[in-house]
Amino acid sequence: MKPTRIYPHRTNARRDRRAGLGASLLTAVAICLALASQAAEESSPARARLSGEQAFAACAACHSLADGAVHKVGPNLWGVYGRAAAQAEDYAYSPALAAAGLTWTRENLFAWIAGSEAMVPGSWMLFQNNLQPDEVMSLIDYLAAHGGTGGQ
Amino acid sequence: MGAGLAGLAAAQLLQRQGIDVLVLEARSRVGGRVNTLDELPGHPEGGANVIGPNYGRVIDAAKSGDVKLHSPARSGETGFIINGQRILPDAWATSAANPLQGPMRALAPDRLLGAALRDNPLKTSSDWLNPRMAEYDLGVDSYLASLGFSDAAVSLVAANNSYGNSIQDTSMLSLLRVGNNFARARAMRQPVYEAARGNMRIPESIAQQFSGSIKFNVTVSRVERSGAEIIVQDLQGQQYHGDALIMALPLPALRNIQIDAMSEAQREAVTAVNYHKVTQVHLLVREPYWNDALPASWWTNGPLGRLFLRPSANPGEYANLTVWINGADCDRLAAMSEAEAGDTVRREVEAVLPEARGLLTTGKVLRWTDDPFAGGSWAVWAPGQLGRYFELLQQPLGRIFFAGEHTARANPGMEGAMESGERAALDSLRTLL
């Protein structure tokens, strides 16, 4: 079989020549627009939102999530949603969090993830990885789906 | 780019999210500034050494890789050598060579900084970056003077400052930041750790579990963007193409790479921030020179810096005496050959510790400042630099992201490296989904 050869540039050039100046201008404008959007793509590419599961990658070094999994540097988070704070068994919480009297409602979890050290001065969790507010909401949904109790 | 803890943490996170990752590493090993000296008895650390109990990412990496952690062996009390004169720890407060006055005389030289950090105005791990704390962005000398430290006390703190090459050029914020982190670790009432057989086992274990590929001995010279593609070129002209790039390199290494898209302001930031000068001379100790009346470890205000004894792991094995030299004191050794530098330091140690004569051999000289892929131990922030440069240094260029200990907000050291890798990985992931 004979290979088919395609010369798209030549075809376009021929068409442009036939169509005259107007088409050339249009082409130039189109190229400019394409270059501009390419430049925009280079300097600020589209940013998707992390799902709750993806956002949990920023938690997973310090927190296990499966039912009955061992504590890491932070406590196991199975069932944390809706529970009173500092209640995981066999985990040594900071005195500050233990005395804070918090319940892990959606609102409190949001404030905690957004700024735990400011929310409970003297608490030990360090978290500084720039999750966006809607990503934190997804993360809370993800936590709630792992043994969470109470109304969402 | 970079198979230190920052780069490896980023690579591992992205790979677990289903992204194809290639790691380029300039050295022939992983670990970067984690560098256990496996060729010496007892696997002493030539780089990163302390793992705090709050180092969640580092501890998790060790545990999930079956790397055992233990508390470092205790090396006993520390003696002091002030202007060449030896002072035993018990004699410090009353010694004529103690240059301090009043109640401060009771504070050992290596405790002075801790005393200055006790009333720490920083309350959270990121307060050091808070513009409201800018009043503490001044030289450590000025801050200590404002606390009532005498010139003699300030110069003792300056003698072994780990966070700058001179005390005037060290922002107090960087010391307060480290103090805040240590205070939190102490509050946890758990020990500090090191990895059994060396901290290097941790990056090795991450690399072993990483199923992408790591290419060694690749020194990148240029990074450019072409459309949505990023092209990385090494010194041999080999090109690597990708959709996103994480540059997890210390600034002195970053300075050697031409990055086409970088702004003047960002280039200035990359150039302006200095790295701490550290030279370590590891001496092997055949048998103890120390005894109940003579400490093994010494703190000096002279060119030897600090002498840390690392006891032998097994009876009959060599112990390690690490001579830890900071700042400008490294300069005179930089001009010498490695053998010459090692012998010079060994002879000087023997001059102040004649009991050790004949018991010491030079094991290894590590000059971090001369290491082209490190350029020093870590970033030092001079007064005025945090506000100007910190954010710029991690500002992405499209899909080029920056990581490394110098970009970490909450944690210093190894944990900071992994924190920064995690942040850059999540940032890049958002652009790849």
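Residues numbered from 1 in each chain as written. Chains lettered and ligands numbered in written order. Predicted model: local features only at pLDDT ≥ 70, side-chain atom pairs only at ≥ 80, totals over all residues. Heavy atoms only, no water.

**A look at the overall build of chain B**
Okay, step 1: Along chain B, the regular secondary structure elements total 13 helices and 17 strands.
Okay, step 2: Taking 2.2 N^0.38 as the reference for a compact globule, 433 residues should give roughly 22 Å; the C-alpha atoms of chain B span a radius of gyration of 22 Å, in line with that estimate.
Okay, step 3: Oriented by its inertia axes, the alpha-carbon framework of chain B measures out at about 70 × 50 × 45 Å.
Okay, step 4: Counting the 433 residues in chain B, one finds 57% classified as buried.
Okay, step 5: Sequence separation of at least 24 residues holds for 71% of the intrachain contacts in chain B that already meet a minimum separation of 6.
Okay, step 6: Of the roughly 17500 Å² of accessible surface on chain B, 49% is carried by carbon and sulfur atoms.
Okay, step 7: A gap of 3 Å separates the mean positions of the 40 positive and 45 negative side-chain charges of chain B. (Helix = DSSP H or I, 4+ residues; strand = E, 2+ residues; numbered from the N terminus. Rg over C-alpha atoms; globule rule 2.2 N^0.38 Å. Buried < 20%, exposed > 50% of the residue type's maximum accessible area, 1.4 Å probe, protein only. Contact = heavy atoms within 4.5 Å. Areas by Shrake-Rupley, 256 points an atom, 1.4 Å probe, with all protein chains shown as cover. Lys, Arg positive; Asp, Glu negative; His and termini not counted. Charge placed at Lys NZ, Arg CZ, Asp CG, Glu CD.)

**Thoughts on the overall build of chain A**
Okay, step 1: Looking only at helices and strands, chain A has 6 helices and 0 strands in total.
Okay, step 2: Ordered by position in the sequence, the α and β elements of chain A form the string α-α-α-α-α-α.
Okay, step 3: Across the 152 residues that make up chain A, the buried fraction comes to 34%.
Okay, step 4: Partitioning the intrachain contacts of chain A with sequence separation of at least 6 by distance along the chain shows that 43% fall at a separation of at least 24.
Okay, step 5: When the accessible surface of chain A is summed, it comes to about 9100 Å², and 59% of that surface belongs to carbon and sulfur atoms.

**A closer look at the pattern of salt bridges**
Okay, step 1: For the structure on display, the rule yields 25 salt bridges over all chains.
Okay, step 2: Between B:Glu194 and B:Arg310 there is a salt bridge whose closest N-O contact spans 3.2 Å. Of this pair, B:Glu194 sits in strand β5 (residues 194–195) while B:Arg310 sits in strand β14 (residues 306–310), placing them 116 residues apart in sequence.
Okay, step 3: A single salt-bridge network, built from bridges that share partners, covers A:Glu135, B:Asp427 and B:Arg430. (Salt bridge = Lys/Arg side-chain N within 4 Å of Asp/Glu carboxyl O.)

**Examining the domain arrangement of chain B**
Residue and element names in this part refer to chain B.
Okay, step 1: Assigned domains within chain B: domain 1 (5–39 + 47–71 + 197–261 + 397–432) and domain 2 (73–106 + 278–375).
Okay, step 2: The centre of domain 1, based on its C-alpha atoms, is set 33 Å off from the matching centre of domain 2.
Okay, step 3: Between domain 1 and domain 2, the contact holds 15 residues from the first and 11 residues from the second.
Okay, step 4: Taking both partners together, domain 1 and domain 2 bury about 1000 Å²; carbon and sulfur atoms supply 60% of that area. (Domains from an automatic or database assignment. Buried area = accessible area lost by both parts, 1.4 Å probe.)

**Here's the deal with helix α6 (residues 133–144) of chain A**
The α-helix winds at 3.6 residues per turn, so residues separated by three or four positions along the chain end up facing the same way.
Okay, step 1: Taking 1.5 Å as the rise per residue, α6(A) with 12 residues should run 16 Å; its terminal C-alpha atoms sit 17 Å apart, in good agreement.
Okay, step 2: Within α6(A) the residues assigned to the buried category are A:Glu135, A:Val136, A:Leu139, A:Ile140, A:Tyr142, A:Leu143 and A:Ala144. (Expected span 1.5 Å × (residues − 1).)

**Points about the packing of aromatic side chains**
Okay, step 1: Counted by the stated rule, this structure contains 10 aromatic pairs over all chains.
Okay, step 2: Between A:Trp104 and A:Trp112, the aromatic rings sit 5.3 Å apart at their centres with planes inclined by 55°, giving tilted as the arrangement.
Okay, step 3: The buried category is assigned to A:Trp104, whose relative accessible area is 6%.
Okay, step 4: Judged by its relative accessible area of 8%, A:Trp112 is buried.
Okay, step 5: Consider the rings of B:Trp381 and B:Phe390, whose centres lie 5.7 Å apart with planes at 55°: the pair is tilted. For the residue pair B:Trp381 and B:Phe390, the accessibility class agrees, reading buried in each case. (Phe/Tyr/Trp six-rings, centres within 6.5 Å; stacked < 30°, edge-to-face > 60°.)

**Describing the side chain of B:His276**
Residue and element names in this part refer to chain B.
Okay, step 1: Residue position: His-276 is located in the loop between α9 (264–272) and β12 (278–285).
Okay, step 2: A relative accessible area of 0% means that His-276 is categorised as buried.
Okay, step 3: At 3.5 Å, the side chain of His-276 and the backbone oxygen of Asn-161 are in polar contact.
Okay, step 4: For His-276, the side chain forms a polar contact with the side chain of Asn-165, separated by 3.2 Å. (Polar contact = N/O pair within 3.5 Å; in protein donor to acceptor, adjacent residues only side chain to side chain.)

**A closer look at the sheet that holds strand β7 (residues 220–226) of chain B**
Backbone hydrogen bonds are what pair the strands of a sheet, in a parallel or an antiparallel way.
Residue and element names in this part refer to chain B.
Okay, step 1: The sheet built from 4 strands is open, its strands ordered β9-β8-β7-β11 with mixed pairing. Looking at which strands have only one partner, the edges of the open sheet turn out to be β9 (239–242) and β11 (258–259).
Okay, step 2: Both strand β8 (residues 229–234) and β9 contribute to a ladder of 4 bridges, which runs antiparallel. The residue bridging Ile-231 from the neighbouring strand is His-241, located in β9. (Pairing = 2+ DSSP bridges.)

**Here's the deal with the nonpolar core**
Okay, step 1: Grouped together as the largest cluster of nonpolar side chains are 73 residues, with contacts concentrated most on A:Leu97 and B:Ile202.
Okay, step 2: Only α5 (106–119) and α6 of chain A together with α1 (5–16), α2 (56–64), α7 (201–209), β10 (245–248), β17 (400–403) and α13 (413–432) of chain B provide two or more residues apiece to this core.
Okay, step 3: Counting residues per element, this core draws most heavily on α1(B), which supplies 8 residues.
Okay, step 4: Ignoring sequence-local partners within four residues, the contact set of B:Ile202 consists of B:Leu5, B:Ile51, B:Val58, B:Ala61, B:Ala62, B:Val67, B:Leu69 and B:Ala195.
Okay, step 5: If you look at the next biggest cluster of nonpolar residues, it comprises 61 residues, including B:Tyr143, B:Ile167, B:Ile230 and B:Val273. (Core = buried A, V, L, I, M, F, W, Y, C linked by side-chain atoms within 4.5 Å.)

**Describing the pairing of β8(B)**
Residue and element names in this part refer to chain B.
Okay, step 1: Note that β7 and β8 share 6 bridges and pair antiparallel. Residue pairing in the sheet places Ser-226 in a bridge with Glu-229 of β8.
Okay, step 2: Here β7 folds back onto β8, and the loop between the two strands holds 2 residues, one of which, Gly-227, carries a positive phi near 60°.
Okay, step 3: The loop that links β8 with its antiparallel partner β9 comprises 4 residues; one of these, Gly-237, has a positive phi angle of about 90°.

**A few points about the sheet that holds strand β4 (residues 85–87) of chain B**
Residue and element names in this part refer to chain B.
Okay, step 1: With mixed pairing, 7 strands are arranged side by side in an open sheet as β4-β3-β13-β14-β15-β12-β16. Only two strands of the sheet have a single partner each, and these edge strands are β4 and β16 (360–367). When the angles between neighbouring strand axes are averaged without regard to direction, this sheet yields 20°.
Okay, step 2: Looking at chain direction, β14 and strand β15 (residues 319–326) are connected through 5 bridges and run antiparallel. (Axes fitted to C-alpha atoms, helices over the stretch in contact; angles between N-to-C directions.)

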